[in-house]
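Structural characterization, general
Here are the chains, one letter per residue:
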Amino acid sequence: MGSPSATAAPSLASLSDPAFLAGLAARVIALTNQQRARYGLPSLTPDDLLDRIARKRSQDMIARDYFGHYDPVTGKPAVVQVLDSMIVPYHEVGENIVENRNMLLNSATPAQVVEALMHSKEHRDNILDATYAEIGVGLAVGEQNGAFRVVFTQVFLS
């Protein structure tokens, strides 16, 4: 009988695999729509462009080391700046962001994210806003001072 093998900590590269991250984002969308169904609201339509915008927002927060709805340089709503720069038409826009450091990313993560959002009035209001019709979800993983940093972004449009 051999000695037990040590389990290596996940690498940043393994946590940044695009297919893995896309699967987590898709699950966040499905769970968000389950919450809407519980309140008698129609499902939001997933949108690839909104996924890219949400991912871009998450990546920007990681790259520029900030966390917030407003661009730290311009002071303007960052999601609006991205939508306008990409000439995306919209009537109303909402954004939810979640950050965690050293979060273990696995199949339970999407449920933890949606549960956390539902426990915040402002985030829950976005999820349950009947005027929104489309959703995109993106996330990014980075490493700062030896710690993993994960940022999830939901973008809602009507």
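Residues numbered from 1 in each chain as written. Predicted model: local features only at pLDDT ≥ 70, side-chain atom pairs only at ≥ 80, totals over all residues. Heavy atoms only, no water.

1. Quick notes on the side chain of Arg 57
If you trace the backbone, Arg 57 turns up in helix 3 (residues 48-63). In this structure Arg 57 comes out as buried when scored by relative accessible area, which is 1%. Sequence-distant contacts of Arg 57, defined by excluding residues within four places in its chain, comprise Tyr 66, Gly 68, His 69, Ala 78, Val 79, Val 82, Glu 95 and Thr 153. (Helix = DSSP H or I, 4+ residues; strand = E, 2+ residues; numbered from the N terminus. Buried < 20%, exposed > 50% of the residue type's maximum accessible area, 1.4 Å probe, protein only. Contact = heavy atoms within 4.5 Å.)

2. A look at the environment of Thr 32
Relative to the elements of secondary structure, Thr 32 occurs in helix 2 (residues 18-38). Since its relative accessible area comes to 0%, Thr 32 is described here as buried. Each C-alpha atom, one on Thr 32 and one on His 69, is 20 Å from the other, the two residues being 37 residues apart in sequence. What Thr 32 contacts, discounting residues up to four positions off in sequence, is Leu 44, Val 114, Ile 127, Ile 135 and Gln 154. A distance of 2.7 Å separates the side chain of Thr 32 from the backbone oxygen of Val 28, its partner in a polar contact. (Polar contact = N/O pair within 3.5 Å; in protein donor to acceptor, adjacent residues only side chain to side chain.)

3. Considering the packing of aromatic side chains
This structure, assessed with the given rule, holds 1 aromatic pair. Judged by centre distance (5.5 Å) and plane angle (25 degrees), the rings of Tyr 132 and Phe 156 are stacked. With Tyr 132 in the loop between helix 6 (121-127) and strand 3 (134-144) and Phe 156 in strand 4 (residues 147-157), this pair connects stretches of sequence that are 24 residues apart. The class of Tyr 132 is buried, set by a relative accessible area of 6%. Judged by its relative accessible area of 0%, Phe 156 falls in the buried class. (Phe/Tyr/Trp six-rings, centres within 6.5 Å; stacked < 30°, edge-to-face > 60°.)

Fair warning: the whole summary comes from geometry, so function is off the table for now.
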